[in-house]
Amino acid sequence: MMNNQRECGRNSAGMRRVHGRADYIAEADGAAQMDNFEHLPQENFDTEEMRGSMQAILSQNIGNFVVIEFLIGTGEIVRKQGMLYLVGRSFVTLYDEPVNNFIVCDIFSVKFVYFFMPNERPRFNYNILPHPNQNGRRSM
């Protein structure tokens, strides 16, 4: 890559903060552990059958801040946000840095992914779940 590598993706300030934490342990094979979260090495989606897939697009943008919309059932959309941390064949992992949580999500429920410019964040925290109202349904 060129010397003027962009400050985004795997080279983002967020990923440098994660990798610089005292509790972050990287293995030689690419696996890593932080706090109580362990993961296998990042898969390579640069293969003929995976090029252009959601997994390939997301894995090329690891380290960027995203909001992902998931279709739950036949009509409910749930949003999750965080730094794109890891992509697998059937999951995507977000890191919610302010509360130090990892969110592992089903990739096959992903409908839309919003990528934010560096240092920009949504106005609303989509990781806070709404409280159920008296009917047992969520209120938005």
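Novice: Could you give an account of the environment of Cys105, with specific residues and numbers?
Specialist: Note on placement: Cys105 falls in strand 7 (residues 101-106). Relative accessible area serves as the criterion here: at 9%, Cys105 is assigned to the buried category. Taking the C-alpha atoms as reference, Cys105 lies 8.8 Å from Phe70; in sequence the two are 35 residues apart. Discounting residues that sit within four places of it in the chain, Cys105 has contacts with Phe70, Ser90, Phe91, Val92 and Leu94.

Novice: So, the pairing of strand 7: which residues are in play, and what are the values?
Specialist: Across 6 bridges, the pairing between strand 6 (residues 91-96) and strand 7 is antiparallel. Its bridge partner lying in strand 7, Tyr95 is registered against Phe102. Between strand 6 and strand 7, which pair antiparallel and follow one another directly, the connecting turn spans 4 residues, one of which, Asn100, has a positive phi of 55°.

Novice: How would you sum up the sheet that holds strand 2 (residues 32-34)? Please name residues and give values.
Specialist: Remark on secondary structure: sheet strands pair via backbone hydrogen bonds, oriented parallel or antiparallel. Strand order in this open sheet of 3 strands is 1-2-3, and the pairing throughout is antiparallel. What marks the edges here is a single partner per strand, and that holds for strand 1 (24-26) and strand 3 (37-39). Taken over all neighbouring pairs, the strand axes of this sheet differ in orientation by 10° on average, direction set aside. Pairing geometry for strand 1 and strand 2, over 3 bridges, is antiparallel. Bridging from a neighbouring strand, Tyr24 pairs with Met34 of strand 2.

Novice: Kindly report on the environment of Arg79, identifying the contributing residues and their values.
Specialist: Within the element layout of this structure, Arg79 appears in strand 5 (residues 76-87). Residue class for Arg79 comes out partly exposed when judged on its relative accessible area of 34%. As for Arg79 and Tyr126, which are separated by 47 residues in sequence, their C-alpha atoms are 5.7 Å apart. Those residues in contact with Arg79 that lie beyond four places of it in its chain are Val67, Ile68, Glu69 and Tyr126. Of note is the side chain of Arg79, whose polar atom sits 2.7 Å from the side chain of Glu69.

Novice: Explain the sheet that holds strand 4 (residues 65-72) residue by residue, including any values.
Specialist: Pairing is antiparallel across the open sheet formed by 5 strands, whose spatial order is 7-6-5-4-8. Strand pairing shows two members of the sheet lacking a second neighbour, strand 7 and strand 8 (110-115), which therefore form its edges. Adjacent strand axes in the sheet meet at a mean angle of 40° when their direction is disregarded. Alignment of strand 4 against strand 8, held across 5 bridges, turns out to be antiparallel. Residue pairing for strand 8: Glu69 is matched across the bridge by Phe112. Sheet contacts for helix 1 (residues 13-20): strand 5 and strand 6; angle to strand 5, the most-contacted strand, approximately 65°.

Novice: Please set out the nonpolar core residue by residue, giving values where relevant.
Specialist: If you look at the biggest cluster of nonpolar residues, it comprises 27 residues, and the most contacted ones within it are Tyr85 and Val87. Mapped onto this core, the elements with two or more residues apiece are helix 1, strand 2, helix 2 (54-59), strand 4, strand 5, strand 6 and strand 7. Of all the elements, strand 5 adds the most residues to this core, at 5 residues. Apart from the residues within four sequence positions on either side, Val87 is in contact with Gln42, Glu43, Phe45, Gln55, Leu58, Ser59, Ile62, Val92 and Ile107.

Criteria and cut-off values
Residues numbered from 1 in each chain as written. Predicted model: local features only at pLDDT ≥ 70, side-chain atom pairs only at ≥ 80, totals over all residues. Heavy atoms only, no water. Helix = DSSP H or I, 4+ residues; strand = E, 2+ residues; numbered from the N terminus. Buried < 20%, exposed > 50% of the residue type's maximum accessible area, 1.4 Å probe, protein only. Contact = heavy atoms within 4.5 Å. Pairing = 2+ DSSP bridges. Axes fitted to C-alpha atoms, helices over the stretch in contact; angles between N-to-C directions. Polar contact = N/O pair within 3.5 Å; in protein donor to acceptor, adjacent residues only side chain to side chain. Core = buried A, V, L, I, M, F, W, Y, C linked by side-chain atoms within 4.5 Å.

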